[in-house]
Structure formats: structure tokens, C-alpha cells
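Letter by letter, the chains look like this.
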Amino acid sequence: MTATPTEMMTIAAARLLSDDDVCFVGIGAPSAACNLARLTHAPKITLIYESGTLSTRPSVLPLSIGDGELCDTALTTVSVPEMFRYWLQGGRITIGFLGGAQIDRFANLNTTVVGPYDAPKVRLPGGGGAPEIASSCGQIFITMAMGSRAFVDALPFVTSFGHGKGKGDRAALGLKTKGPTKVITDLCVMEPDPETAELTVVSLHQGVARAQVEAGCGWPLRFAARLSETPAATETELAVLRDLHARTKRAHGAAA
Amino acid sequence: MTATPTEMMTIAAARLLSDDDVCFVGIGAPSAACNLARLTHAPKITLIYESGTLSTRPSVLPLSIGDGELCDTALTTVSVPEMFRYWLQGGRITIGFLGGAQIDRFANLNTTVVGPYDAPKVRLPGGGGAPEIASSCGQIFITMAMGSRAFVDALPFVTSFGHGKGKGDRAALGLKTKGPTKVITDLCVMEPDPETAELTVVSLHQGVARAQVEAGCGWPLRFAARLSETPAATETELAVLRDLHARTKRAHGAAA
Amino acid sequence: MVEFVSLGEGVEAVLSDGCSVAMEGFTHLIPHAAGHEAIRQGKKRLTLIRMTPDLVYDQMIGMGCAEKLVFSWGGNPGVGSLHRFRDAVENGWPHPLALEEHSHAAMANAYEAGAANLPFAVFRGYKGVDLPAVNPAIRSVTCPYTGEVLATVPALRPDAAIIHAQKADREGNVLLEGIVGVQKEAVLAAKRSLVTVEEIVEDFGPRNANAVILPAWTVTAIAHVPGGAYPSYAQGYSKRANDFYIAWDKIARERETFLAWMKEHVLEQGPEAFARHAGAKRAAA
Amino acid sequence: MVEFVSLGEGVEAVLSDGCSVAMEGFTHLIPHAAGHEAIRQGKKRLTLIRMTPDLVYDQMIGMGCAEKLVFSWGGNPGVGSLHRFRDAVENGWPHPLALEEHSHAAMANAYEAGAANLPFAVFRGYKGVDLPAVNPAIRSVTCPYTGEVLATVPALRPDAAIIHAQKADREGNVLLEGIVGVQKEAVLAAKRSLVTVEEIVEDFGPRNANAVILPAWTVTAIAHVPGGAYPSYAQGYSKRANDFYIAWDKIARERETFLAWMKEHVLEQGPEAFARHAGAKRAAA
């Protein structure tokens, strides 16, 4: 079995998680990654969805952030004001997952508009929980598929703050959290450079060439001096992930 | 049967309540009055205790504001921060009951200290919920037994605000609630004068003489031009109240 | 005191043209039936308030009920865009839609402040982002102890709140369970409220001492609308119709297919249309 | 991650001389056994934080554990004075006690702000009263929208929180039910926490989806101390010992009777002393 690029993104993200993590989980790749981690090497990982479900253990992936499955399998469910006050702002989350329509080289994200705010070419969904997830979680993992319209040179709108215009900008705003520490894509893994905070490819997924990654990025992308290869997906990782997706597909089809 | 002065205070307070009221109930006379009203003419009255119990219907009077009886018979019980934020400050209470160690002619109350704050002669329990009950409830009923050490010319400490130094002082502070509208004592009922806000006796309990009331007050007490007599306790009122107290005594004795 | 009413009466009672309304429900318990009834009643110039606009607001916006949207995330969860919302913002169809945009944290705090009768909420947010530049309602206060500058948002105090809940009892108390979102806050923050419920019971019976309950005297009107959250759901009664959320993407993408669907499934239906979702769902729950 | 400990270990782990501690419980679920253990361990110079000091703090103050009290109502509910508290404030016995005095609304908001990791809380309070003149921690902010001046209070962030709860499960999650007071907020606001529980169960089993639960990763230590709230109570397990609250008035009125009672019932007892209250109470519940 060989992982597809999207599967590889999910698996690479899952590997970064441990039993000690408390994750603020978003829908899509983050949800798949967190639950894959939970079903493989991190059975005690704590998963929180912004709908209020604390320590949830869904058997299928939710389509929305508030599917009944999340509540049914949660330790308990709190109100949304409490979720944002006591749990997110409370500083109790170690890892927040974010994605977006667009990202720049300092891992700032745009999910608001393409074009001017008042007369947008494309009106995107908006920030939702992202602005405060980005500032309140211990660190942020971003999962996004590469492409030059997504990895852009300049964002039309900063929906959530990564590293601003470079190292030190978070601290200057009084932020004590680390911000984005990993960007996990379908082709590679990036990290902010320790000196400049600019995103730098540290690991290429198996079979991916530098040129392919460069083509998927709208700015001249840096590569780490010691570039490694992401270990290939194991049989177990792939089997558990595919099983999870298959269960999910059956459940969502049956929910009508 | 004849009511004792304390019973008459409770009964006179109970009569002021109706099915439409939402009462923030304190321990002691207020609790007895509210439950007497509920067990007689106001069966649908809503009682709230600051421990978080909403719409509670105790069969015996609680000794504390958080006896299990209150929770067992409540519609639901909320946290204390929620109680003070959504329910009291939320402006959902029509009548708040207060009492105190001392009251002045404008129905300001002291439950903090006798003597200087930093070197008190008597350290009283303090304000508890009173400062914000006094400002947030639609109106305030005060129940206190008369006596010249309780009804004083000047308070050493204003724990909760009544009418300040006279009419208009509440409005000047931005308060939109009525403040104390009734002071129900063991001898009489007082109301703030419509022109000056000074407490004025409007009704004497049966068999009580003016001089008796004057002796129990540390300032020259005003009487309304048209002074009425508080109707005597009915057989039903007394029977229900005494039954409630008897049940309460048995329950508290048995709680050991 | 609360009144028991029909869905039509309830929507009529709490909504008037030009008013602000929060129809809340965080994925769970979204008052879809009430939204359809508002469309049938032809409500106009509404300010729609909702953290996650979802299909119900996509439909109301597409049918021309709204002149303004106060929101924090306007998408079809797990599926993609709300096409009617986008068409209104990008192309002004059926007419322009003013936006007041926040983050979830801001809106959750704003509802909380409204329920608490405060004029504003304080939170640590909006650091380094562009939203404050386009939303003048986002301001700040300085902590009088630490000097820290914190974000503020005005309290939400809607003219009306409409929510869906599991149960009401005969006295008109309302019980919610599961993902309770901001619905309690929305009702407590609003001037008047309509609650549609799956069931009206004699009394709630044994329950957790801290169950989430809105007392009768905090609610304006209750309507018995089983299935009224479909395609959202009521925990214990139904499951979220994820397939309909997926299907909506295609229905709403073009104006013609949208209008045809609305005509058939909303305009030509009555307040009882959601009952079939209750039956089907209850069996599946 | 949470550890299961003995009462002695738990108090040792979370309390150190000179630290601030919130031992909360609003009439219900007051951690009396932990208070007695703190006295036996001879803890000193504590800043005691509690909305309603109650008997447990009367005892700790009388035994010289405290140098400061942060509180909003210091009485014996329904009975009268806390005599040891009064003796400390009025006569400096056994030594002077500094006071930081608030209203209930202020303290409840201050715990809430602590749990929410904010530096201060905003509320509408303290209008026209004298407390702000004697407590410099009471300040104000101006609403950036309406110009209204509102009261502020610094967030409470105790070094330690100690509470009593009904149940813990094997993973260390803690369940509270009934009058939950400010205990959840106190634990979330504190740097470290000890929870004494009536029962440790394999898992909580069927429960309301919105049950009040502190997840294991928010708690430092859990000790199994059945009856540990006596003379307060644990809903479902015991009733409040109102007779003891009444009896305490006489015991605590004089220093001699107080000291004799403390010697016999606290100093000469061990951490297991409260077990008999569990047995007696459980049968009565």
C-alpha cells in the first residue's frame, strides 16, 4: 500500500501528536490526524472540538464540528462561551490545528476574503475560532495542501496571526505562545526558521522532488540545510486511516 | 391565635409577594416570608437563592443558603458566577430581600463593621451578595426587627446602598432600579417618602403604639399622615407559618 | 409569562420587519423550521445574528429576508461555501448584505455579556489580525491592574432569539442537552424569544441537578415543532442529516436551483412540514 | 497529569507555608477534612481565599494558619458570627489577620476571570457603597461603547485550590453535582489543585451530556476522603449537619473551648477521621 499525498499529510500530522497533548481540533485533515493518532500511538490524547465537547473519542469522523458523535463520546460538553473562555483563552490547549485558503511565508493565514474586504472577489467563510486559536494554544500545527494559489507571496487579509513579518513579531504583540511550529502539507513538512521564522521545508514526503514543492508555492521557498525524508506511511497507519474514512463514509451516508 | 412580632414581620412581608414575582431570597425572615407566600396566596412565585438554585420549592426552610433541600426541589441549579452574572446582574429578579445589623433613615444598610473598618469594635459578616442585590433587583424589601441599635441615625459603614442621602441619589449613580420600597419590621411597615425618600411608617401592626415604634428607632421617625393598621394575621397564615417552622425544626434536628 | 403557540404565531410574535434576530444553534439544534416560517411570512430587512450562519441563514439571505449579517463563520461545515451568502456579498443578489464580522471568541463573549446585562465583553483576542481594521465595533480596554490591553466587543442584545430545544414542560420551562452552544445566552440576551421543541412533557422527571434549563419566565413563546431542527438535529431524537448538508452545496450553487428548491420545500409547505423529519429521525436515534 | 494520593500527601503537595489557597464550596461540598489536615500539618502564613469563610476557615484562622483572608461573607450561615474570625480581626488573636474584602458578585466574577485567564473581571457593582474606599483592589473601567463606568476586580489566581467532590473516575476526571458554587472556576484558576472525593468509580457511567466535570488534566491530585465535607455535605451522599453548625457557635465562642475541641477532634485525629461521617451520612441520604 502507498499513501496518497492527502493521506500522507494526515499521517505526518498524526505522528507529531502524543498522549500528553490536548488538541483543539478542526474539521477535515486535523480531525483525521488527531483521531488517527488516538487510534494508533496516542490512545490517551485529549481531543477538544470548539462546539464544546471535551475529551471526545469519536468512532467516525464528524462532518461538522458539532456532530452528535462528538457529544456522545465526550467526557462532557460545555457551552460555547465556556469553551472559548475557560478552555481556549484559559491556556489549557497544547496544540491547535489550523488551515486556511491561503498562507504566507510567516505562516499567517487568510480565510476571510480574496480581493478587497468591502468588494471581495471571493468571500471565504471567515475566521471562526481561528484568530484566538492562533494566539491562545501552546503551539499551532497547520495542515494545507500545497498549490501556488494557497501558498502565496502576500495575503490580501490576515485572518489569523502566525509569525507576522518575522521573528519577534509575536513577542512584540505580547503573545506568549509559540504560534505555528509546523506546516504539514501533502508534499512536505515545513518549520519556521529558528532565526527568521520564515517557513522552511525540513522534510520531503517519500518520492516528492524539490521542484514539485517549489511549484506549489508562490514565494521562493527555503529548504533546510539538512533536509530529511518523511518516513513512508506504515501498513498500520494506512490501514487505520482508511478504515476510519470508510466507517465515516458509511456513517454519513446512513445519516440521512 | 395571635402572631408574635417576629411572625407578624414575616406575615406582613409575605403579603407583599405575588405569583408574578421572582425573588432573590436571603436566609431567615425573607426565606420564611417567601415560602409562606408560596404556601398560601402565591403558589407560582419564583424563588431563587444565591447558591444557584433556580425556582426552588423547599418543604422546610433552609438553615443556610445552600442546604440540599433547595437543590433537591429546584428547577435547576447553576454555578455561582452564573447566578451573579446572568440572573442577578441580568436584571431578572423583581424583588430582592435584604436585612442587616443596621439601617439608616434612607434605608442604607450596614452588615460590615461597627466602629472603624481597620479597628472594628464588632466585625460583622460583611456584604456577601447584598451590594449588588441592592442595585440589581427591581425593588428591595428589607426585613429587620426594630431597636435603637439597629435603626440608627448614622451608619459607620454603608454595605449596601438604599436611597443614599435622599431622593435622587440612586438616579445620580446611574441606578435604574427602585431600591428599598418597603421596610417590614416586627412593629410596623415603612416606606420611603415619595418626596424625600426618608423612611416613613405607613402601617402599624395590630396593638403596636407609636411610642413603641419611636423607641425602637435611633432617629426621629416620621409617620405617614394616613397611618393604617396592618391587618392581623389570619388563622391560615399563622397555621401555615408555624407548621413550616415546626417541620423545619424537626428536619434540622434530624440532620445530625 | 411564556405562551404556548403555533410555529406561525410564534414567528409572527417575535419577528418584525427590520428587527435583529439571533437564530442560534452550534451545528446542533438549529431552528430550521422557524427559519422557513420566517421566509413564508416574508420577513424583511432583518439583521441576522449567528456565529455560524449555516444553511438556515443561507436560505433566508437568498430569499431576501436580511439586510445585515452579524457572524463569525459563514460556511457549510465540512462541505464548503454558503453560495447564497457569497452571492449576496460578492454580487449583491438578491440585494446587498451588510456585514459585521467577528471571531467565534468575540461573539461567544458578546452573547455572554448580553445575558449578563453588561454593555460589552472583554477577552484576549484579535492579536495581529486584520478584522479590527474593517470592523469598528472591535475596540479595547486597558486592564486597571496589569496595563494589558484587551479586546472588547459590544454585548449582543438582539430584539429576538429563536432556538430549538429538546423539551418543554407544561409550565413552559425549556430543557437543552448535548451541544448547547450559545442558545441559553442568546435567549437571555434577547428582548423576546421563541423556542421550538421536539416534545412537550408533563414534567422533566428525574434529571441532573445542573441540567441546562431556561425557566418559563425567561422565554416568550414555545411552539411544538418535532423535527424542527432538520437537517440539523436534536440529540436523543435525531441525527444530523449530513447528506443534506452535502446536497445543499449543489442546490444552492445556482440561483435557479435554489429558488426552485425553496418554492417546493418552503413556500409551498406549511408549518407542519418538519413533522416527517421527526418521525424518521426518532426511529433512527 | 493527576495523581491519586492520600489526604496527607495531597495537602502536602499543594500547600506550602505562605501560599494562597482557595478552599471553596458554597455551603455544599466544603473540604473540611483537607482543612483539618492542613491544621495538623501546621501550615502557616496562608492567604485564605473563600467567598464564605465558614467553619473550616474559622478553624484554620483560630489555629494560626492564616495571615490574610480574601472573602465576601464571613459568618456561620443561619447561626451568627464566626467567633475565631472575629477574634482575629477584633483582637489579633492568635495573630492579626489582614483582610481583602469583596462582595459575592466581585469574587464570583474574579474566579471566573481567573478560570478564563483574564487579568481582571468587569461587573456592575459597588454602587454607592463604602467597600471601594477600604479595598484598593476595587477599581473601574469605562465601557468603550456606552461610556458607562463599571467596577473591576483583579482575577483570582490562587497558588492552590482545594475542593471536595462526589466522584472521581479511574482516569482522574472529577464529577460535581448539585450546588456547584465556584469550585470548577477555583480549580481552573489555580496553579495546582487537590480534590477530595466521596467515591472513586471505574467510570461515571450514564450521565447528563452537560454534567459538571473537571477533566483529569486540569487537576493535580485526588484523595479518596469519604465524608470529607462534614459538617457540610455531598449531595447524594449526606445531608448538611445543621446541628453541628449550630453547636459550633458555642464551641468557638471562647478560645479555651475552641482549643480543646480542636485538640480532641483535629490534632489528635488522623486523616481517616471523616470516614465515620461518610458511613452515617450515606445511610441517611
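Along each chain, the written sequence defines residue order, and numbers are assigned to residues from 1. Working convention: letters from A go to chains and numbers from 1 go to ligands, in the order in which they are written. Residues qualify for local features only when their pLDDT is at least 70, as the model is predicted, and side-chain atom pairs are given and counted only at 80 or more; totals for whole chains, interfaces and linings, by contrast, use all residues. Only hydrogens and water are removed before side-chain values are computed, so all heavy atoms of the structure are retained for them.

Attention now goes to the interface of chain B and chain C. Counting from both sides, the interface comprises 20 residues of chain B and, opposite them, 19 residues of chain C. The contact between chain B and chain C buries some 1,700 Å² in all, and 51% of this surface belongs to carbon and sulfur atoms. Three residues, L75(B), Y86(B) and R92(B), lead the burial of chain B against chain C; their summed loss comes to 38% of the area buried on that side. Here, a salt bridge means any side-chain nitrogen of Lys or Arg that lies within 4 Å of a carboxyl oxygen of Asp or Glu. One can count 3 salt bridges joining chain B with chain C. Among the ionic pairs, K184(C) bridges to E82(B), the shortest N-O distance being 2.6 Å. Residues adjacent in sequence count toward polar contacts only when both atoms are side-chain atoms; beyond that, a polar contact is any pair of N or O atoms within 3.5 Å, and within protein one must be able to donate a hydrogen and the other to accept it. Along the contact surface separating chain B from chain C lie 14 residue pairs in polar contact (both at pLDDT 80 or more). Put simply, the parts of the chain that give the side of chain B that touches chain C at least two residues each are β2 (46-49), β4 (76-77) and α4 (80-88) of chain B. For the side of chain B that touches chain C, the leading source of residues is α4(B), giving 4 residues. Here the residues of the side of chain B that touches chain C are counted per class, giving 9 nonpolar, 7 polar and 4 charged. In this description, contact between two residues means that some pair of their heavy atoms is separated by no more than 4.5 Å. Take the accessible area each of two parts loses on contact, using a 1.4 Å probe, and add the two losses: that sum is the buried area. Where helices and strands are cited, they refer to DSSP runs of H or I of at least four residues and of E of at least two residues respectively, numbered from the N terminus. All residues other than Ala, Val, Leu, Ile, Met, Phe, Trp, Tyr, Cys, Pro, Asp, Glu, Lys and Arg, Gly among them, are scored as polar; the first ten of these are nonpolar and the last four charged.

What follows concerns the sheet that holds strand β8 (residues 120-123) of chain C. Residue and element names in this part refer to chain C. When DSSP finds two or more bridges between two strands, those strands count as paired. The 3 strands are arranged β8-β10-β9 in an open sheet whose pairing can be described as antiparallel. Since the sheet does not close on itself, it has two edges, and those belong to β8 and β9 (139-142), each with one partner. Each adjacent strand pair in this sheet contributes to an overall mean axis angle of 40 degrees, direction not counted. Bridge analysis of β8 against strand β10 (residues 149-154) gives 4 bridges, and the strand direction is antiparallel. Paired with A121 across the two strands is V153, which belongs to β10. Every axis in this analysis is a line fitted to C-alpha atoms, fitted for helices over the stretch in contact. Angles between the N-to-C directions lie between 0 and 180 degrees. Each of β8 and β10 is contacted by helix α5 (residues 104-115), which is oriented at about 135 degrees to β8, the strand it contacts most.

Moving on to the side chain of T27(D). By the element assignment, T27(D) lies in the loop between β2 (20-23) and α2 (32-40). Any residue under 20% of the maximum accessible area for its type is buried, any over 50% is exposed, and the rest in between are partly exposed; the area is computed with a 1.4 Å probe on protein chains only. Among the residues examined, T27(D) registers a relative accessible area of 6% and is labelled buried. For T27(D), the residues in contact, after removing those within four places along its chain, are S64(B), I65(B), G66(B), D67(B), S232(D), Y233(D) and R240(D).

Let us look at the sheet that holds strand β9 (residues 139-142) of chain D. All names here are of chain D. As summarised here, the arrangement of the 3 strands in space is β8-β10-β9, forming an open sheet in which the pairing is antiparallel. Across the chains shown, the open sheet's two edge strands, defined by having one partner strand only, are β8 (120-123) and β9. Direction aside, the axes of adjacent strands within the sheet are offset by 40 degrees on average. Against the sheet, helix α5 (residues 104-115) touches β8 and β10 (149-154), its axis set at about 135 degrees to β8.

Attention now moves to the pairing of strand β5 (residues 95-98) of chain B. Residue and element names in this part refer to chain B. Going residue by residue along β5, you find I95 and F97 tucked away on one face and G96 and L98 tucked away on the opposite face as well. Bridge count between strand β1 (residues 22-25) and β5: 2 bridges; the pairing is parallel. Along β5, the bridge assignment pairs F24 with G96.

The next subject is the interface of chain D and chain B. Contact with chain D, which involves 49 residues of that partner, is made by 45 residues of chain B. Where chain D abuts chain B, roughly 3,800 Å² becomes buried across the two surfaces, and 60% of that area is made up of carbon and sulfur atoms. For the interface between chain D and chain B, the tally reads 2 salt bridges. Residues R240(D) and D67(B) are paired through a salt bridge, measuring 3.9 Å at the closest nitrogen-oxygen approach. Across the chain D-chain B interface, the total number found is 19 residue pairs in polar contact (both at pLDDT 80 or more). Of all the secondary-structure elements, those providing two or more residues to the side of chain D that touches chain B are α4 (83-91), β7 (98-101), α5, β8, α6 (131-134) and α8 (242-253) of chain D. Considering every element that reaches the side of chain D that touches chain B, the biggest residue donor is α5(D), with 5 residues.

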